[in-house]
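# Analysis of the macromolecular model
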Amino acid sequence: MTLRLLEDWCRGMDMNPRKALLVAGIPVTCNEAEIQEALQAGLTPLGPYRLLGRMFRREENRVVALIGLTEETSLAVVPKEIQGKGGAWRVIFKPPDPDNEFLNRLNEFLEGEGLTVAECTHALGYGNDPFDLEQNLVPQMGAPMLAEAIDEALQPVLQHLRYRKLRVFSGRDPPEPGEEGFDAWLFHTTQMLKAWQVSEAEKRRRLLECLRGPALDVIRVLKINNPLITVPECLQALEQVFGVIDNPRELQVKFLTTYQNPEEKLSAYVLRLEPLLQKLVERGAIEKEVVNQARLDQVLAGAEDRTLRRRLSLPEEGPAPGLLQLLTLVKEEEAAEEEEEALLQAGLEGSFT
């Protein structure tokens, strides 16, 4: 698929195509909630965005979505693909003209120094007329400042040229072809992150780009609770789940004695338990078939609220909710409590006026 569809679609909606992108390869069976979930996981580093529309592509038997951005962005921060239902979804983006981007950054730097492009060209020698003997031939801009200006303008380009994708990690045991084991992957990733002189958001995007399967699922769950989770926090969570093998018995004791802390939100407690639970599943201490029940049992046992089952309307019988379903119930209860407290506070303030 070329950029023509993006350009034509934006033209029909009177939009700047550089403030939009297409996400292609979405299965026909994917509903809007599933699309939004994938977009949230893959496009968060780009800042605010909006799903503007969807179109069925007969030749691919897939859906393509138009995404609107609030401002133009750099090619370096736009992912080539995001993970969604059915696998990877392609991201199509119209990059800015590299010449314009260089000139814009050069102008920004020079303005900050109180200089002009004319003075820059004069310093390079292009403004000197060899037949005008009365003009001042000494450049008004020193070589160190000129070098700094060019370096400032070229830095994003150089970072993009130096950018090498991280190795793929999924957490599967054994790793599939093309994937790394955790220890080797963590070492390589840590070294690359130290070398990159880019924003935290760009580092997070590059990290998510290399994750697959269970590893990506862990970070997706954490991002639901904290969309601005840092790269070190992501690596720490992955290490808890997929890192050095612990004694299964000790790990099980640690899981069963992990309780909700005072002032800790229940949703945060649920997410704090998850790495330990997934590690127990990886070690074979808990069967995958009963993982939801094990999670629910410990949440009910470790929560400060002893009436939690009733408050969440959880039946005594029947299958336990999955992680996302449980988090939804917990978040709804937390929102109701916050609303009740706000109303109570408003009533108390009103009684004293």
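Residues numbered from 1 in each chain as written. Predicted model: local features only at pLDDT ≥ 70, side-chain atom pairs only at ≥ 80, totals over all residues. Heavy atoms only, no water.

### Digging into the overall build of the chain
Tallying secondary structure elements over the chain gives 14 helices and five strands in all. Expressed as a percentage of the 353 residues in the chain, the buried residues total 39%. Considering only contacts in the chain between residues 6 or more positions apart, those separated by 24 or more positions represent 64%. (Helix = DSSP H or I, 4+ residues; strand = E, 2+ residues; numbered from the N terminus. Buried < 20%, exposed > 50% of the residue type's maximum accessible area, 1.4 Å probe, protein only. Contact = heavy atoms within 4.5 Å.)

### Some points on helix α11 (residues 266-282)
Helix length check: α11, at 17 residues, gives a terminal C-alpha distance of 25 Å against a target of 24 Å (1.5 Å per residue), a fit within 8%. Where α11 bends most, the angle comes to about 30°, and this point is Glu274, followed within four residues by the proline Pro275. Of all 17 residues in α11, 13 are buried, a share of seventy percent or more. (Expected span 1.5 Å × (residues − 1). Bend = angle between axes of the 7 residues up to and from the residue.)

### Quick look at the nonpolar core
Ranked by internal contacts, the top residues of the largest apolar core, which has 27 residues, are Leu266, Val299, Leu308 and Leu326. It is α11 that provides the largest number of residues to this core, a total of nine residues. Beyond its immediate stretch of four places on either side in the chain, Leu326 contacts Val270, Arg295, Leu296, Val299, Leu312 and Pro321. (Core = buried A, V, L, I, M, F, W, Y, C linked by side-chain atoms within 4.5 Å.)

### What to know about the packing of aromatic side chains
What the rule picks out here adds up to four aromatic pairs. Chaining the aromatic ring pairs together yields one cluster made of Phe169, Phe182, Trp185 and Phe242. (Phe/Tyr/Trp six-rings, centres within 6.5 Å; stacked < 30°, edge-to-face > 60°.)

### Describing the side chain of Ser170
Inspection of the secondary structure puts Ser170 in the loop between α5 (143-162) and α6 (182-195). Engagement of the side chain of Ser170 in a polar contact is seen with the backbone nitrogen of Arg172, the distance being 3.2 Å. One polar contact links Ser170 to Glu179, side chain to side chain, over a distance of 2.7 Å. Excluding residues within four positions of it along the chain, Ser170 makes contact with Glu179, Arg212, Gly213, Pro214 and Ala215. (Polar contact = N/O pair within 3.5 Å; in protein donor to acceptor, adjacent residues only side chain to side chain.)

### A word on the confidence of the model for the chain
If pLDDT is low for a region, its predicted coordinates should not be looked at in detail. With 76% of its residues at a pLDDT of 70 or more, the chain shows a mean pLDDT of 78. At the level of individual helices and strands, the chain shows its lowest average pLDDT in α5, which scores 52, and its highest in helix α12 (residues 291-302), which scores 94. For residues 126-143, every residue scores under 50 in pLDDT, and the model assigns this stretch 22 contacts once sequence neighbours within four places are set aside. (pLDDT = per-residue confidence, 0-100.)

### Thoughts on the packing of helix α7 (residues 200-210) against helix α9 (residues 231-242)
Running from N to C, α7 and α9 point in directions that differ by 30°, and their axes come no closer than 9 Å. Taken as axis vectors, α7 and α9 run roughly parallel relative to one another. On α9, the residues that touch Glu200, Lys203, Arg204 and Leu207 of α7 are Val231, Pro232, Cys234 and Leu235. Here the residues of the contact of α7 with α9 sort into five nonpolar, no polar and three charged. (Axes fitted to C-alpha atoms, helices over the stretch in contact; angles between N-to-C directions. Parallel < 35°, antiparallel > 145°, perpendicular 65-115°, else oblique. Nonpolar A, V, L, I, M, F, W, Y, C, P; charged D, E, K, R; others polar.)

### Quick notes on the packing of α6 against α9
For any two helices packed against each other, one specifies the inter-axial angle together with the distance between the axes. Two elements in contact, α6 and α9, have axes whose closest approach is 11 Å; the angle formed by their N-to-C orientations is 170°. Judged by the angle between their axes, α6 and α9 are roughly antiparallel. Contact with α6, carried on its side by Phe182, Trp185, Leu186, Thr189 and Leu193, involves Val231, Leu235, Leu238, Glu239 and Phe242 of α9 and no other residues of that element. Along the lines of polarity and charge, the residues of the contact of α6 with α9 split into eight nonpolar, one polar and one charged.

### A look at the pattern of salt bridges
In this structure the tally under the stated criterion is 18 salt bridges. Here Glu59 and Arg57 are joined by a salt bridge, their closest N and O atoms 2.9 Å apart. Among the ionic contacts, a cluster of salt bridges with common partners joins Glu202, Arg205, Arg206 and Glu209. (Salt bridge = Lys/Arg side-chain N within 4 Å of Asp/Glu carboxyl O.)

### Section: the environment of Lys80
Topologically, Lys80 is positioned in the loop between β3 (62-69) and β4 (81-84). The class of Lys80 is exposed, set by a relative accessible area of 58%. For the pair Lys80 and Arg90, spaced ten residues apart in the sequence, the C-alpha separation amounts to 6.2 Å. Ignoring any residue separated from it by four or fewer positions in sequence, one finds Lys80 in contact with Trp89, Arg90, Val91, Lys165 and Glu209.

### Describing the sheet that holds strand β5 (residues 87-93)
Strand order in the open sheet formed by five strands is β2-β3-β1-β5-β4, and the pairing between neighbours is antiparallel. Both edges of this open sheet fall to β2 (49-57) and β4, since each of them pairs with a single strand only. Direction aside, neighbouring strands of the sheet carry axes that sit 25° apart on average. Inspection of the sheet shows β4 paired to β5 by four bridges, in the antiparallel sense. Its bridge partner being in β5, Gln83 is matched across the sheet by Ala88. (Pairing = 2+ DSSP bridges.)

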